[in-house]
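Chains, contacts and geometry: an overview
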Amino acid sequence: MSTDEKIVSQKEINRRTILSFIFFFIMIAVAIAGWKWIDRQPQDNGIPKPLRTVLNTNEKIFSDYVFSDSNLAKAFPSSEVVPHTRVNGGEGMSDGFDPSKWKLQVVRKTGDTLFLSLDDIKKLPKTDIIFDFKCIEGWSQVTHWGGVKFSDFVKYYKLDTLSQMKYVGLNTPDKQYYVGIDTKSIMHPQTILCYEMNGQPLPMNQGYPLRLIIPVKYGIKHLKRIGTIFFSNQRPPDYWYERGYDYYSGL
Ligand SMILES: Nc1nc2c(c(=O)[nH]1)N[C@H]1C(S)=C(S)[C@@H](COP(=O)(O)O)O[C@H]1N2
Ligand SMILES: [Mo]
């Protein structure tokens, strides 16, 4: 028998039970008051400021200390690719789009824009990637994409100086969907300017002629139908950020 066992009276047990309950209800009241306080604070892009501050702080920690080019998203064998790639999100995919007139526009500086055809992009070395595509809505699926590494694209078109800036912005041709991405993530070796799905040209609703595939980010950043690319030290506008989501959206 252990020696530090104590006999406690029934009265003492009751006292402790009541104290525990009082503590329990105080903590609930504190939690509710805290939540109400957060809710009363001014908004910052769709959410209360204190929550935005938490997201921004996480971004700082992850982009400055955790992110690395050698951290790769897990690759999968082609046997695990889903038979039907889901189509999700049609913002900026307006009906009037004429692919025969499409050119990728890369803004080098105001009044100096590079216009590239799909063939210009296909001339660069091709990379295939099979990975688990994750949407913030809660689904994921193993899918297969092909295209040109963004980092190869930057080298080939001598955008090295521009890529010293902190962010890259991408828009659809009609400007209805737009994302901003930290340059470190877009220069990651698994990020591609994608023109193929399952070895075939991208389907129209999956972003033909060119989309972004960026496995280090959630689906919201994989912009379909790229019209314009530009570089900036300020955060470019971002469709889902403005609606309360995390700007960084890293995985
Ligand atoms: N132009 C455009 N790109 C977009 C979206 C969109 O609404 N418009 N939705 C995003 C979201 S939320 C997801 S999950 C993925 C889905 O890509 P998929 O349709 O190829 O599955 O596209 C992203 N790219
Ligand atoms: Mo998504």
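Examining the site of ligand 1
- The immediate surroundings of ligand 1 are formed by 20 residues, with Arg86, Asn88, Glu91, Arg211 and Lys224 found nearest.
- At 2.7 Å from an oxygen atom of ligand 1 is found a main-chain nitrogen or oxygen belonging to Asn88.
- The side chain of Lys224 places a nitrogen or oxygen atom 2.6 Å from an oxygen atom of ligand 1.
- Taken by itself ligand 1 offers 530 Å² of open surface, and the protein chains cover 97% of this.
- Classifying every residue of the shell around ligand 1 by side-chain character gives nine nonpolar, seven polar and four charged.

A word on the side chain of Asp238
- Topologically, Asp238 is positioned in the segment after strand S12 (228-232).
- For Asp238, a relative accessible area of 3% corresponds to the buried category.
- Among the polar contacts made by the side chain of Asp238, one reaches the main-chain amide nitrogen of Gly180 at a distance of 2.9 Å.
- Reaching out from Asp238, the side chain makes a polar contact with the backbone nitrogen of Trp240 at a distance of 3.3 Å.
- The contact partners of Asp238, leaving out residues within four places of it in the chain, are Tyr178, Val179, Gly180, Lys221 and Tyr247.

Section: the nonpolar core
- Leu104, Phe150, Phe153, Leu170, Leu210 and Ile226 are the most contacted members of the largest nonpolar core, which totals 37 residues.
- Secondary structure elements with two or more residues in this core: strand S3 (104-109), strand S4 (112-116), helix H3 (118-122), helix H4 (150-156), strand S7 (167-171), strand S8 (178-182), strand S9 (192-197) and S12.
- Not counting the four nearest positions on each side in its chain, Leu170 is found in contact with Tyr177, Tyr178, Val179, Ile181, Ile186, Leu212, Leu223, Ile226, Thr228, Ile229 and Phe230.
- By size, the runner-up hydrophobic cluster in this structure holds 11 residues, among which are Ile192, Met197, Leu202 and Ile213.

Side note on the domain arrangement of the chain
- Domain assignment breaks the chain into domain 1 (10-40) and domain 2 (73-86 + 99-243).
- Computed over C-alpha atoms only, the centres of domain 1 and domain 2 are separated by 50 Å.

Brief notes about unusual backbone geometry
- Looking along the chain, the bond that leaves Tyr208 and enters Pro209 is cis, with omega of 5 degrees.
- Here Asn45, not a glycine, exhibits a phi torsion of approximately 50 degrees, which is positive.
- Among the structural elements, Asn45 can be located in the loop between strand S1 (43-44) and strand S2 (47-48).
- For Asn45, a relative accessible area of 29% translates into the label partly exposed.
- Residues other than glycine seldom take positive phi values, yet Asn198 does so here, at roughly 50 degrees.

What to know about the pairing of S7
- Of all five residues in S7, five are buried, a share of seventy percent or more.
- Bridge count for S7 against S8 is five bridges, and the pairing is antiparallel. Its bridge partner lying in S8, Val168 is registered against Ile181.
- Here S7 folds back onto S8 in antiparallel fashion, the turn holding six residues, of which Lys175 has a positive phi close to 65 degrees.
- Looking at chain direction, S7 and S12 are connected through five bridges and run antiparallel. What sits directly across from Asn171, in S12, is Thr228.

What counts and what doesn't
- Residues numbered from 1 in each chain as written.
- Chains lettered and ligands numbered in written order.
- Predicted model: local features only at pLDDT ≥ 70, side-chain atom pairs only at ≥ 80, totals over all residues.
- Heavy atoms only, no water.
- Near = heavy atom within 4 Å.
- Polar contact = N/O pair within 3.5 Å; in protein donor to acceptor, adjacent residues only side chain to side chain.
- Areas by Shrake-Rupley, 256 points an atom, 1.4 Å probe, with all protein chains shown as cover.
- Nonpolar A, V, L, I, M, F, W, Y, C, P; charged D, E, K, R; others polar.
- Helix = DSSP H or I, 4+ residues; strand = E, 2+ residues; numbered from the N terminus.
- Buried < 20%, exposed > 50% of the residue type's maximum accessible area, 1.4 Å probe, protein only.
- Contact = heavy atoms within 4.5 Å.
- Core = buried A, V, L, I, M, F, W, Y, C linked by side-chain atoms within 4.5 Å.
- Domains from an automatic or database assignment.
- Pairing = 2+ DSSP bridges.

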